[in-house]
Amino acid sequence: MERDDAERRVVEKFISDLLARGEAVFEGEEPTSRTTHVIERADDGRLSVRRLRFLH
């Protein structure tokens, strides 16, 4: 359980940072020219990240 909590916190921090930099959008939102990742929410509420492209 402790490992799951730590992993969840790391993923949430990574997602938060992506959103703060404008590099991610939630699934269903329109990506911008800066969007490199899409955030998806699973049925159990967990968030995951899918890479769209690398920045050049």
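Description of the structure in this document. (Residues numbered from 1 in each chain as written. Predicted model: local features only at pLDDT ≥ 70, side-chain atom pairs only at ≥ 80, totals over all residues. Heavy atoms only, no water.)

### Section: the sheet that holds strand S3 (residues 47-51)
Stage number 1. Spatially, S1-S2-S3 is the arrangement adopted by the three strands of the open sheet, whose pairing is mixed. Taken across any chain shown, the strands that pair with only one partner, and hence form the sheet edges, are strand S1 (24-26) and S3. Between one strand axis and the next, the sheet turns by 30° as a mean value, whatever way the strands run.
Stage number 2. Bridging between strand S2 (residues 37-41) and S3 involves five bridges; their strand directions are antiparallel. For His37, the partnering residue across the bridge sits in S3 and is Arg51.
Stage number 3. Along the sheet, helix H1 (residues 2-20) contacts S1, S2 and S3; its crossing angle with S3, the most-contacted strand, is approximately 55°. (Pairing = 2+ DSSP bridges. Helix = DSSP H or I, 4+ residues; strand = E, 2+ residues; numbered from the N terminus. Axes fitted to C-alpha atoms, helices over the stretch in contact; angles between N-to-C directions. Contact = heavy atoms within 4.5 Å.)

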